[in-house]
Amino acid sequence: MKEVLLETKNRSEFVDITRNIRKLIPKDMKEGVCIVYVPHTTAGVTINEGADPSVQQDILNQLDQLVPWDQPFFQHREGNSAAHIKASLMGSSVCITVENSQLQLGTWQKIFFAEFDGPRRRKIWITYFSD
Amino acid sequence: MKEVLLETKNRSEFVDITRNIRKLIPKDMKEGVCIVYVPHTTAGVTINEGADPSVQQDILNQLDQLVPWDQPFFQHREGNSAAHIKASLMGSSVCITVENSQLQLGTWQKIFFAEFDGPRRRKIWITYFSD
Amino acid sequence: MKEVLLETKNRSEFVDITRNIRKLIPKDMKEGVCIVYVPHTTAGVTINEGADPSVQQDILNQLDQLVPWDQPFFQHREGNSAAHIKASLMGSSVCITVENSQLQLGTWQKIFFAEFDGPRRRKIWITYFSD
């Protein structure tokens, strides 16, 4: 398991971590699976389009509309329930297959760290398993 | 990794791909894990009830209500931000255990390709790993 | 694959299953991956904060607001479409890495069985794979 550190800059933000993950493919691995895991509870990970940055912003804005920061029924005292909810909606891990030593992503896919309560110092855990 | 091709027929649609995935279990595999991966950014994959098709329609209609096609804040020029968002809400992959050469699904569970911007030609990538 | 049984007590409820999963780590496993799988279609699994129980309640209440039990467009006759939708929003499985015979969770993370149509007798399937 390898740990990647990153510093997010905004309250809500997608950070493209595809390159960080690709760099950690073990040199002797031909086929296997990669698990990208976010060990936080107010951030998640998702795979989506990377070509047009407005897609990332549209996702974040839609999530903000669905899960507003202030809800009359929120009871968690830290005031970041919205971030916890968005983290569960996106999920804490993604799985990607490795073939011919290459991460198998679709043409337009990038892997995004999904910050929902930044800016913060964050960690990602990346594990490669051989078949 | 095996690739399955499919053609979706509607803008939003669940396609039951359970049989396609089951057919690809390697004959010599007794125990392992199956990863079903969707390499698109406007489609996802989810596991839910297959017996009553109205469940699939209810899920799609609810997602349409939550994430309308026209939002004043959408900036992505292709006009399919809603599809990108629903793809991230469902997720790009599912993991299923294989035991006794059988895909271990619950009684009512089927695996669905979740089309959110069809009709299109689509791909699914299926990988089986032995323990 | 090991099966864990649980009985939920409420219609919607998060049950902390971290300890059940930790107990099943094979004694001879040093490194590997754990897949927690929910074989139901009106329940899911998610990883989120366990320290303050109000986080779990805030997530459930937000999901109830997003996906009400009664929607004019629901057609599924069993009347539990909301539970099916929430199950797909949370997901049917989570992956966690095992290192040094320990489940690698973040400081505040717990694994929750997400009941959306209880109270019911439920099952969880847990599989550990060695590298």
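### Quick word on the overall build of chain A
- Helix and strand counts for chain A come out as three helices and eight strands.
- Counted from the first residue to the last, chain A has its helices and strands arranged as β-β-α-β-β-α-α-β-β-β-β.
- Since a compact globule built from 131 residues should have a radius of gyration of about 14 Å, the 16 Å found for chain A is in line with a globular shape.
- Looking at chain A as a whole, 63% of its 131 residues are labelled buried.
- Counted over contacts in chain A with a minimum sequence separation of 6, partners at least 24 positions apart contribute 82%.
- Seen as two clouds, the 15 positive and the 16 negative side-chain charges of chain A have centres 6 Å apart.

### Side note on the sheet that holds strand β8 (residues 121-130) of chain B
- Pairing is antiparallel across the open sheet formed by five strands, whose spatial order is β1-β8-β3-β5-β6 (chain B). Since the sheet does not close on itself, it has two edges, and those belong to β1 (2-7) and β6 (102-103) of chain B, each with one partner.

### Looking at the sheet that holds strand β7 (residues 109-115) of chain C
Residues and elements named next belong to chain C.
- The strand order across the open sheet built from three strands is β2-β7-β4, with neighbouring strands paired in antiparallel fashion. Looking at strand neighbours, the two that pair on one side only are β2 (13-16) and β4 (43-49), the edges of this open sheet. Each neighbouring strand pair of the sheet contributes to a mean axis angle of 35°, computed without reference to strand direction.

### Topic: unusual backbone geometry
- Omega for the bond connecting G118 of chain B with P119 of chain B falls within 30 degrees of zero, at -5°, which places this linkage in the cis form.
- The residue S101 of chain A is not glycine, and still its phi comes out positive at about 60°.
- Residue placement: S101 of chain A occurs in the loop between β5 (93-99) and β6 (102-103).
- Residue S101 of chain A is classed as partly exposed on the basis of its relative accessible area, which comes to 28%.
- Positive phi values are uncommon outside glycine, yet N100 of chain C reaches one of about 50°.
- With respect to the helices and strands, the residue N100 of chain C is situated in the loop between β5 (93-99) and β6 (102-103).
- Since its relative accessible area comes to 53%, N100 of chain C is described here as exposed.

### Looking at the relation of the copies chain A and chain C
- Note on the copies: chain A fits chain C at an RMSD of 0.0 Å, the axial shift is 0.0 Å, and the rotation between them is 120°. Considering both components of the superposition, the chain copies are consistent with a three-fold axis. Among all residues of chain A, the minimum C-alpha distance to the rotation axis is found for L89 of chain A, at 3.5 Å.
- By residue overlap, the copies meet through two different surfaces: only 10% of the interface positions of chain A are interface positions in chain C.

### Considering the relation of the copies chain B and chain C
- Expressed as a screw operation, the relation of chain B to chain C combines 0.0 Å of axial shift with a rotation of 120°, fitting to an RMSD of 0.0 Å.
- When the interface residues of chain B are mapped onto chain C, a mere 10% of them are again interface residues, pointing to distinct binding faces.

### Side note on the interface of chain A and chain C
- Taken together, the 30 residues of chain A in the interface contact 29 residues of chain C.
- Here chain A and chain C share an interface that buries about 2400 Å² over both sides, 56% of which is from carbon and sulfur atoms.
- Linking chain A to chain C there are zero salt bridges.
- Counting across the interface, chain A meets chain C through 16 residue pairs in polar contact (both at pLDDT 80 or more).
- When the residues that make up the side of chain A that touches chain C are grouped by side-chain class, the tally is 16 nonpolar, twelve polar and two charged.

### Overview of the nonpolar core
- In terms of nonpolar packing, the biggest core is built from 51 residues, with L89 of chain A, L89 of chain B together with L89 of chain C touching the most fellow members.
- Those residues within four positions of L89 of chain A in sequence are excluded, and the remaining contacts are L63 and V67 of chain A, S88 and L89 of chain B together with L63, L89 and M90 of chain C.

### Observations regarding the interface of chain B and chain C
- Tallying the contact residues gives 29 residues for chain B and 30 residues for chain C.
- Of the roughly 2400 Å² buried where chain B meets chain C, counting both sides, 56% is carbon and sulfur surface.
- When residues of chain B are sorted by the area they lose upon contact with chain C, D58, Q62 and C95 of chain B head the list and together hold 22% of the total.
- Inspection of the region where chain B meets chain C yields zero salt bridges.
- Across the contact surface, chain B and chain C share 16 residue pairs in polar contact (both at pLDDT 80 or more).
- Those elements giving two or more residues to the side of chain B that touches chain C turn out to be β3 (32-37), β4 (43-49), α2 (53-66), α3 (81-90) and β5 (93-99) of chain B.
- Per-element tally for the side of chain B that touches chain C: the top contributor is α2 of chain B, with nine residues.

Conventions adopted
Residue indices follow the written sequence of each chain, beginning from 1 at its first position. Chains carry letters and ligands carry numbers; both start at the beginning, A for chains and 1 for ligands, and go up in the order they are written. Reporting in this predicted model follows two pLDDT cut-offs: at least 70 for local features of residues, and 80 or more for side-chain atom pairs to be given and counted; totals over whole chains, interfaces and linings ignore these cut-offs and use all residues. Only heavy atoms go into the side-chain values, all of them from the structure, while hydrogens and water stay out. Helical segments are the DSSP runs of H or I of at least four residues, strand segments are the runs of E of at least two, and each set is numbered from the N terminus. Radius of gyration means the value over C-alpha atoms here, while the globule rule gives 2.2 Å times the residue count to the 0.38 power. Working definition: with a 1.4 Å probe on protein chains only, accessible area under 20% of the residue-type maximum means buried, over 50% means exposed, and in between means partly exposed. Contacts are residue-level and defined by heavy atoms, with any inter-residue pair within 4.5 Å sufficient. Neither His nor the chain ends contribute to the count of charged residues, in which Lys and Arg are positive and Asp and Glu negative. For this purpose, a charge sits on NZ of Lys, CZ of Arg, CG of Asp or CD of Glu. Here, any two strands with at least 2 DSSP bridges between them count as paired. Axis definition: a line fitted to C-alpha atoms, over the contacting stretch in the case of helices. Angles run 0 to 180 degrees between N-to-C directions. When the copies are overlaid, the least-squares fit takes in C-alpha atoms only where the residue has pLDDT of at least 70 in both copies. Buried area is calculated as the accessible area (1.4 Å probe) missing from two parts once they are joined, with the contributions of both summed. Here, a salt bridge means any Lys or Arg side-chain nitrogen found within 4 Å of an Asp or Glu carboxyl oxygen. Under the rule applied, a polar contact is a pair of N or O atoms within 3.5 Å (in protein, one hydrogen donor and one hydrogen acceptor; residues adjacent in sequence only if both atoms are side-chain atoms). Residues are grouped as follows: Ala, Val, Leu, Ile, Met, Phe, Trp, Tyr, Cys and Pro are nonpolar; Asp, Glu, Lys and Arg are charged; every other residue, Gly included, is polar. Throughout this description, the term nonpolar core refers to a set of buried Ala, Val, Leu, Ile, Met, Phe, Trp, Tyr and Cys residues connected via side-chain atoms within 4.5 Å.

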